[in-house]
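# Geometric and topological summary
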Amino acid sequence: MKFTLLGRLLISLAVLAVLYFGFKWLGGAGLMDKFNQENIDKSISTNESSEASANSTDMASTETSSNSSSNASNETEASASSSKMPFSYKPLPPVNGRLKGVVELGASGFNSFIIRIDEDKNWGLEKSEFGNSLVNENMATDEDVRSGLKKYIGGMLDYGVGGKNIHFVVSSGAQKAENTQKIIKALKSLNYQVNLVTPEQEGRLALKCVLPKDYESNSFVVDIGSGNTKISWKEGSGISAIETYGAKYFQDNISDDKVQMDVIAKAKQIPSGKRKTCFIIGGVPFEMAKKVRNGKERYTVLDEADAYKMENAKSKAGQNIYKAISNATDTQQFVFDWDSNFTIGFLLDLP
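These notes cover the structure that comes with them. A quick note: this is a predicted structure, and the numbers were derived from the prediction, not measured.

The next thing to look at is the overall build of the protein chain. The helix and strand inventory of the protein chain stands at 9 helices and 11 strands. Looking at the 351 residues of the protein chain, the share that counts as buried comes to 41%. When contacts within the protein chain are restricted to residue pairs at least 6 apart in sequence, long-range pairs at least 24 apart make up 67% of them. Accessible surface, the protein chain as shown: approximately 20300 Å² in total, 51% of it carbon and sulfur.

Right under this line is the structure:
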């Protein structure tokens, strides 16, 4: 059968119409929508994945940066805390030693020490009291002083110290105090000898007690007291000792600058070869050491002077002295000895 051109065109249109309406009847539009939605979902999923990956990368970068900063901060803190030179010296303990006691009549009260000492002068602290004011209280009459002293001495006797092994030393600063002569008189009435010392003697006795033999060739000693400060070092077979202002200089209306100048001038007399380590004792260094002490260690390495925030006038004055000594000597290590006092050096000096 032959079809004309018009016939073939009509048949083609009819077939296309059938296909179109059949596709629509079968849900072709829904399939197209579904196909388009899948493409859209894939596009969104791809974008979200890219954004999540970017965010994850940013967070990882931020966390890494934060950790690096934290680690750097920790390393800085560790470096700062470990910047002080360690000090691990341990003195030899006494062997078969006997008990001896000494009481310091100081400018700020009584300090007492009971030590055990052997024939080689090795010693260990058994008991100590600082700033005791039992004798200074209620001193209206001579009998009040005698009564207070008896009680004070009785405590040392009860501990096991023999009466002949209890000694009294009046510091150079306390000799200027008004009540000292009354106490000296009362002690003599109890048959106790009272030992008066000069600032230079205090410096030498402090060195004998504080400075370990292993450090005699390269170190020096400082004792910051209320009435004066003593600086000492070994000079051949002898000991050199000099005096400067004490931590109560402010009571005499003396300026910080004037004290600094005098302390620096005195400290510069220390030979350069003796400035490696400073062994330091005294009331204000005691306050500083309390802030940085590790457990019950005997020796505490102090921080730099400016690291401390001292509150009262005496503490600030002592800090000024400490800073002046540090600046004058450029000493990098100041070691506080918790057990020592110049009066223990007095005991070591006895036969």
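That covers the picture; the talk isn't over yet.
With that settled, consider the nonpolar core. Within soluble globular proteins, side chains that are nonpolar generally end up buried alongside one another. By size, the foremost hydrophobic cluster in this structure holds 31 residues, and its most contacted members are F220, V222, I231, I280, L302, Y322 and I325. The set of elements that each furnish at least two residues to this core consists of β6 (219–224), β7 (228–235), α6 (256–267), β9 (277–282), α7 (283–292), α8 (313–329) and β11 (333–337). Top contributing element to this core by residue count: α8, with 6 residues. Apart from the residues within four sequence positions on either side, Y322 is in contact with I224, I280, M288, L302, D303, E304, A305 and F334. One finds L207, I344, L347 and L348 within the second-largest nonpolar core, a separate group that totals 28 residues.

Tallied over the entire structure, the rule returns 8 salt bridges. With a shortest N-O distance of 2.9 Å, D337 and R298 are connected by a salt bridge. Taken together, the residues D337 in strand β11 and R298 in the loop between α7 and β10 (299–301) connect sequence positions 39 residues apart. Of the residues examined, D337 reaches a relative accessible area of 0% and is grouped as buried. Of the charged contacts in the structure, one is a salt bridge between D306 and K323, with a shortest N-O distance of 3.2 Å. Of this pair, D306 sits in the loop between β10 and α8 while K323 is found in helix α8, placing the two residues 17 residues apart along the sequence. Residue classification places K323 among the partly exposed positions, given a relative accessible area of 29%. Linked through salt bridges whose partners overlap, the residues forming this network are R298, D337 and D339.

Attention now goes to the packing of aromatic side chains. Taken as a whole, this structure holds 13 aromatic pairs when the rule is applied. The interplanar angle of 65° and the centroid separation of 5.1 Å between the aromatic rings of F87 and Y299 together place this pair among those described as edge-to-face. Highlighted residues: F87 in the loop between α2 (28–81) and β1 (98–106) and Y299 in strand β10, separated in sequence by 212 residues. Summarising the burial analysis for this pair, F87 and Y299 share the class buried. The ring of W338 carries R293 above its face, with NZ or CZ at 3.8 Å from the centroid.

Here we take up the environment of K150. Checked against the element boundaries, K150 lands in helix α3 (residues 142–159). When the C-alpha atoms of K150 and L187 are compared, they prove to be 9.2 Å apart, with 37 residues separating the residues in sequence.

The residue D223 is located in strand β6 in this model. K230 is the oppositely charged side chain nearest to the buried, salt-bridge-free D223, at an N-O distance of 4.1 Å. Those residues within four positions of D223 in sequence are excluded, and the remaining contacts are A206, N228, T229, K230, I281, G282 and F342.

With that settled, the discussion passes to the side chain of R275. By secondary structure assignment, the location of R275 is in the loop between α6 and β9. Although R275 lies buried, it forms no salt bridge, and the closest oppositely charged side chain, D330, sits 7.7 Å away as judged by the N-O distance. One polar contact links the side chain of R275 to the main-chain carbonyl oxygen of K268, over a distance of 3.1 Å. Look past the residues within four positions of R275 in its chain and what remains in contact with it is N218, F220, A267, K268, I270, A328, T329 and T331.

The subject of this paragraph is helix α4 (residues 180–189). Within the span of α4, buried status applies to T180, I183, I184, A186 and L187. For α4, the angular spread of buried residues about the axis comes to 165°, placing them on one side. Of the exposed residues in α4, the ones pointing more than 90 degrees away from its buried face are Q181, K185 and K188. Elements that come into contact with the buried residues of α4 comprise β1, β2 (109–117), α3, β4 (166–170) and β5 (194–196).

What counts as what
- Residues numbered from 1 in each chain as written.
- Predicted model: local features only at pLDDT ≥ 70, side-chain atom pairs only at ≥ 80, totals over all residues.
- Heavy atoms only, no water.
- Helix = DSSP H or I, 4+ residues; strand = E, 2+ residues; numbered from the N terminus.
- Buried < 20%, exposed > 50% of the residue type's maximum accessible area, 1.4 Å probe, protein only.
- Contact = heavy atoms within 4.5 Å.
- Areas by Shrake-Rupley, 256 points an atom, 1.4 Å probe, with all protein chains shown as cover.
- Core = buried A, V, L, I, M, F, W, Y, C linked by side-chain atoms within 4.5 Å.
- Salt bridge = Lys/Arg side-chain N within 4 Å of Asp/Glu carboxyl O.
- Phe/Tyr/Trp six-rings, centres within 6.5 Å; stacked < 30°, edge-to-face > 60°.
- Lys NZ or Arg CZ within 6 Å of the ring centre and 35° of its normal.
- Lys, Arg positive; Asp, Glu negative; His and termini not counted.
- Polar contact = N/O pair within 3.5 Å; in protein donor to acceptor, adjacent residues only side chain to side chain.
- Arc of directions from axis to C-beta.

Just distances and angles here, no functional claims.
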